[in-house]
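Commentary on secondary and tertiary structure
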Amino acid sequence: MAKIKPGYLKSLPQRTCVACLKTGAKRELIRIVRTPLGTIEIDPTGKKSGRGTYLCKTSDCWETALKKNRLEHALKLQLPPESRSQLLEYGMRLTSHPSNQASV
């Protein structure tokens, strides 16, 4: 692994959630990918081949992206009903509020 010069900060890749449009570190978001075969997959590693888009790790963003067809627009395809239901089910297992905000 290459040595990093003292005083040098490596920049983190930034991505934007298609639902709330907030920008964050790539690892803080979940990638949805349209594979070259045309299937829709959740890509937690962010390395699968295909056209991808990102969502926050909150159920609110997943609901918004599916209700307002933002995933379809970003992935440039019509989501099949089974893919839509799988994504909604996955999103419902996530928290409803961002984890990086402090409770009052």
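For the structure itself, consult the block above.
The shown structure was predicted, so the numbers you read here are calculated from the model rather than taken from an experiment.

Quick word on the packing of helix H1 (residues 59–67) against helix H3 (residues 81–92)
- Orientation of H1 relative to H3, taken along the N-to-C sense of each, is 160°, at an axis distance of 8 Å. One finds that H1 runs roughly antiparallel with respect to H3. The way H1 lies across H3 gives a crossing that is left-handed. Residues Ser59, Trp62, Glu63 and Leu66 of H1 lie in contact with H3, whose contacting residues are Arg84, Leu87, Leu88, Tyr90, Gly91 and Met92.

Things to note about the packing of aromatic side chains
- Applying the stated criterion across every chain yields a total of one aromatic pair.
- Plain terms: the ring middles of tryptophan 62 and tyrosine 90 are 5.1 Å apart, the flat faces sit at 45° to each other, and that makes the pair tilted. Here the residue tryptophan 62 occupies a position in helix H1, and tyrosine 90 occupies one in helix H3, the gap between them amounting to 28 residues.

Observations regarding the environment of leucine 21
- Looking at the secondary structure, you find leucine 21 in the loop between strand S1 (14–16) and strand S2 (23–25).
- A relative accessible area of 61% places leucine 21 in the exposed class.
- Residues leucine 21 and tyrosine 54 lie 33 residues apart in sequence; the distance between their C-alpha atoms is 9.8 Å.

Re the environment of aspartate 60
- Within the fold, aspartate 60 resides in helix H1.
- C-alpha of aspartate 60 to C-alpha of serine 96: the two residues are 36 residues apart in sequence and 5.7 Å apart in space.

Considerations on the side chain of arginine 31
- Relative to the helices and strands, arginine 31 resides in strand S3 (residues 30–34).
- Within polar-contact distance, the side chain of arginine 31 engages the backbone oxygen of lysine 48 at 2.8 Å.
- Not counting residues within four places of it along the chain, the set of residues in contact with arginine 31 comprises Glu41, Ile42, Asp43, Gly46, Lys47, Lys48, Gly50, Arg51, Gly52, Thr53 and Tyr54.

Focus: the nonpolar core
- Of all hydrophobic cores here, the largest spans 19 residues; its most connected members are Ile32, Leu55, Leu71 and Leu87.
- Those elements that provide at least two residues to this core are S3, strand S5 (51–55), H1 and helix H2 (70–75).
- In terms of residue count, the dominant contributor to this core is H1 (four residues).
- In this view, leucine 71 contacts Val18, Ile32, Thr53, Leu55, Ala65, Leu66, Leu79 and Leu87; residues no more than four positions away in its chain are not counted.

The rules behind the values
- Residues numbered from 1 in each chain as written.
- Predicted model: local features only at pLDDT ≥ 70, side-chain atom pairs only at ≥ 80, totals over all residues.
- Heavy atoms only, no water.
- Axes fitted to C-alpha atoms, helices over the stretch in contact; angles between N-to-C directions.
- Helix = DSSP H or I, 4+ residues; strand = E, 2+ residues; numbered from the N terminus.
- Parallel < 35°, antiparallel > 145°, perpendicular 65-115°, else oblique.
- Left-handed = near helix turned anticlockwise from the far one by under 90°.
- Contact = heavy atoms within 4.5 Å.
- Phe/Tyr/Trp six-rings, centres within 6.5 Å; stacked < 30°, edge-to-face > 60°.
- Buried < 20%, exposed > 50% of the residue type's maximum accessible area, 1.4 Å probe, protein only.
- Polar contact = N/O pair within 3.5 Å; in protein donor to acceptor, adjacent residues only side chain to side chain.
- Core = buried A, V, L, I, M, F, W, Y, C linked by side-chain atoms within 4.5 Å.

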